[in-house]
Amino acid sequence: MASRSCLAANDWICAEYVRSRSGELADATLQHLGIAVSSVLLGLLLAFPLALLAYRWKAASGPVLGLTTVLYTVPSLAMFALLLPVFGLSAAVVVAGLVLYSLTVLVRNILAGLESVPRDVREVAQGMGYGQRQLLFGVELPLMLPALMAGVRIAMVSAISLTTVGAIVGHGGLGNLIYSGMDSLFKAQVLTASAICVALAVSADLLLLVVQRALTPWARHRARAGKAG
Amino acid sequence: MGTFTAAWDWLTSGANWTGAGGAGQRLGEHLVLTVLSMGCAVLLALPLALWLGHVGRGGTLAINVSNVGRAVPTFAVLVLLALSPLGPYGELTTVIALVLFAIPPLLTNAYVGLREADRDVVEAARGMGMSGWQVLRRVELPLAFPLIMTGVRSATVQVVATATLAALAGGGGLGRIITAGFNTYDTAQVAAGAALVAALALVVEGVLVLLSKLTDPMRGRTRPGRGGGASTAGPSDGAGAGTDGEAADRPRKTADAV
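In this text the structure is predicted, and so the values were computed from the model without any measurement.

Looking at the side chain of Glu16 of chain A
Alright, step 1. Examined against the element boundaries, Glu16 of chain A turns out to sit in helix α2 (residues 15-20).
Alright, step 2. A polar atom in the side chain of Glu16 of chain A sits 3.2 Å from the side chain of Arg19 of chain A.

If you want it as structure tokens, here you go:
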């Protein structure tokens with residue numbers, strides 16, 4: 001009886017809500033993750049050629065950086081509303097908007113990573129007969145991983161947080177629950193969905209940090225050596 | 001292209017600007033929201049960041065608060081506040097949400113700026129017998145000024161863009177033009193609203209760049225610095241996010257190494 005009453009009393013924290021709507025919550029969480037992860041992955045696929053273009057061909061770097069920065073000043077609300085006629089009422093609207101936002105951070109960080117590769121290292125690789133592609137994947141990519149991963153982490157956390165705004169087109173994952181909870185003044189639903197959203201973002205960030213450490217074991221050695229020396 | 005001309009027509013017809021709920025009123029609301037929240041955020045964040053940076057404590061907090069801030073959806077905060085006992089007070093909830101949103105980047109940039117002030121210069125100032133307050137006011141603050149202003153700038157631009165979300169939770173501002181256009185399937189109006197927000201963001205950015213040039217305590221003098229002013233101050237080409245991202249990146253990497 002006591003646990004029933006928290007739904008009726010419209011409490012902020014309500015275990016009964018979590019129990020009775022666990023299916024709905026799980027669906028929203030999955031949709032949320034799906035949208036955020038696919039948009040960062042697509043963003044990476046797009047950001048790489050753009051950053052390479054800006055790096056190899058200096059004339060392109062101004063327009064590329066300028067364009068991706070301007071994209072970021074478009075408010076998310078308007079971004080989704082404007083993409084709606086292009087993609088129709090589907091999750092693609094939200095994914096496309098988030099891809100465009102992620103480009104700002106990703107292109108900048110990939111470019112910064114490429115520029116951080118020491119010239120000596122590049123010359124040594126070329127002297128050893130590395131071709132353009134071997135140089136990129138064998139030398140530049142590993143060396144730029146820290147900058148790249150820092151960008152991916154920011155992009156992922158922002159994407160998870162911004163997915164909620166997708167509720168305006170009905171595809172906002174947990175944002176849908178927040179939005180409908182606002183209309184029906186359902187406090188438990190709003191708080192639970194918000195909390196899951198923050199938890200998702202924080203765990204994604206930590207997970208990516210672990211991935212980054214695993215991918216760049218040398219960075220930790222160097223940090224330790226630096227501290228000792 | 002049709003959308004652009006239609007949006008232009010929307011923006012240039014006077015009827016859309018006047019009266020209750022017109023673009024003029026919404027623009028005013030948006031500006032008031034931005035100024036109020038940035039004012040509060042600066043008053044709260046900068047003194048704390050300067051003190052933390054001066055005594056060299058709380059670095060993990062000052063740096064990671066940005067990451068945590070990014071993880072909290074502003075939309076969720078707006079709705080949570082709207083349902084809270086503060087809900088009936090209308091714009092107050094929007095201002096609180098925006099202040100919470102603006103504090104992290106301000107805190108991180110100001111802290112990093114102060115810590116990156118050339119330690120040799122700071123030591124020299126101490127050696128000359130300056131008190132802690134004098135060191136902060138006359139050495140660290142002038143050296144950290146560009147990065148602090150970069151933080152203020154990027155936070156303000158983000159607040160301008162994010163204040164549109166208030167419309168989703170029933171608040172005012174330019175977001176109302178976007179949601180109204182969205183609800184009536186008026187793409188031209190949505191685009192016009194978006195253009196207004198972006199234009200406001202760019203104008204605000206420009207004003208702040210000018211302001212920081214005029215108020216720079218080291219105006220006309222060269223900043224002694226490791227790696228030169230440009231790299232510490234962050235790229236000057238970007239509005240908003242990029243600058244924030246880059247300024248926040250470096251400390252994160254060092255934080256990871258620790």
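Brief notes about the UniProt feature "transmembrane region" (unreviewed entry) in chain A
Alright, step 1. Sequence positions flagged by UniProt for "transmembrane region" (unreviewed entry) are, in local numbering, residues 33-55, 62-83, 89-111, 143-170 and 190-211 of chain A.
Alright, step 2. Taken end to end, residues 190-211 of chain A is 100% helix and 0% strand, and its first and last C-alpha atoms sit 32 Å apart.

Things to note about the interface of chain B and chain A
Alright, step 1. At the interface, 41 residues of chain B touch 49 residues of chain A.
Alright, step 2. Counting the contacts that link chain B with chain A gives 0 salt bridges.
Alright, step 3. Run the count over chain B and chain A and you get 0 residue pairs in polar contact (both at pLDDT 80 or more).
Alright, step 4. For the side of chain B that touches chain A, the secondary structure elements donating two or more residues are α3 (59-71), α4 (74-83), α7 (132-162), α8 (175-183), α9 (187-215) and α11 (241-257) of chain B.

Overview of the side chain of Glu140 of chain A
Residues and elements named next belong to chain A.
Alright, step 1. Note on placement: Glu140 falls in helix α8 (residues 132-162).
Alright, step 2. Here the side chain of Glu140 touches Arg122 through a polar contact of 2.7 Å, side chain to side chain.
Alright, step 3. The residues touching Glu140, leaving out its near neighbours within four places in the chain, are Tyr55, Arg56, Leu114, Val117, Arg122 and Leu135.

Here's the deal with the environment of Leu143 of chain B
All names here are of chain B.
Alright, step 1. Along the polypeptide, Leu143 turns up in helix α7.
Alright, step 2. The class for Leu143 is buried, based on a relative accessible area of 12%.
Alright, step 3. C-alpha of Leu143 to C-alpha of Met218: the two residues are 75 residues apart in sequence and 7.8 Å apart in space.

What about the packing of aromatic side chains?
Alright, step 1. Inspection of the entire model under this criterion finds 2 aromatic pairs over all chains.
Alright, step 2. Measuring from centroid to centroid gives 5.2 Å for Tyr17 of chain A and Phe186 of chain A, while their planes differ by 70°, and the two rings are edge-to-face. Taken together, the residues Tyr17 of chain A in helix α2 and Phe186 of chain A in the loop between α9 (174-183) and α10 (187-215) connect sequence positions 169 residues apart. Both residues of the pair, Tyr17 of chain A and Phe186 of chain A, count as buried.
Alright, step 3. Arranged with centres 6.0 Å apart and planes meeting at 55°, the rings of Tyr179 of chain A and Phe75 of chain B form a pair that is tilted. Within this pair, whereas Tyr179 of chain A is found in helix α9, its partner Phe75 of chain B is found in helix α4, the two belonging to separate chains.
Alright, step 4. Using a relative accessible area of 25% as the deciding quantity, one classes Tyr179 of chain A as partly exposed.
Alright, step 5. Exposure remark for Phe75 of chain B: the relative accessible area of 1% places this residue in the buried category.

Each value, and the rule that gives it
Residues numbered from 1 in each chain as written. Chains lettered and ligands numbered in written order. Predicted model: local features only at pLDDT ≥ 70, side-chain atom pairs only at ≥ 80, totals over all residues. Heavy atoms only, no water. Helix = DSSP H or I, 4+ residues; strand = E, 2+ residues; numbered from the N terminus. Polar contact = N/O pair within 3.5 Å; in protein donor to acceptor, adjacent residues only side chain to side chain. UniProt positions renumbered as here; feature names shortened; annotations may be inferred. Contact = heavy atoms within 4.5 Å. Salt bridge = Lys/Arg side-chain N within 4 Å of Asp/Glu carboxyl O. Buried < 20%, exposed > 50% of the residue type's maximum accessible area, 1.4 Å probe, protein only. Phe/Tyr/Trp six-rings, centres within 6.5 Å; stacked < 30°, edge-to-face > 60°.

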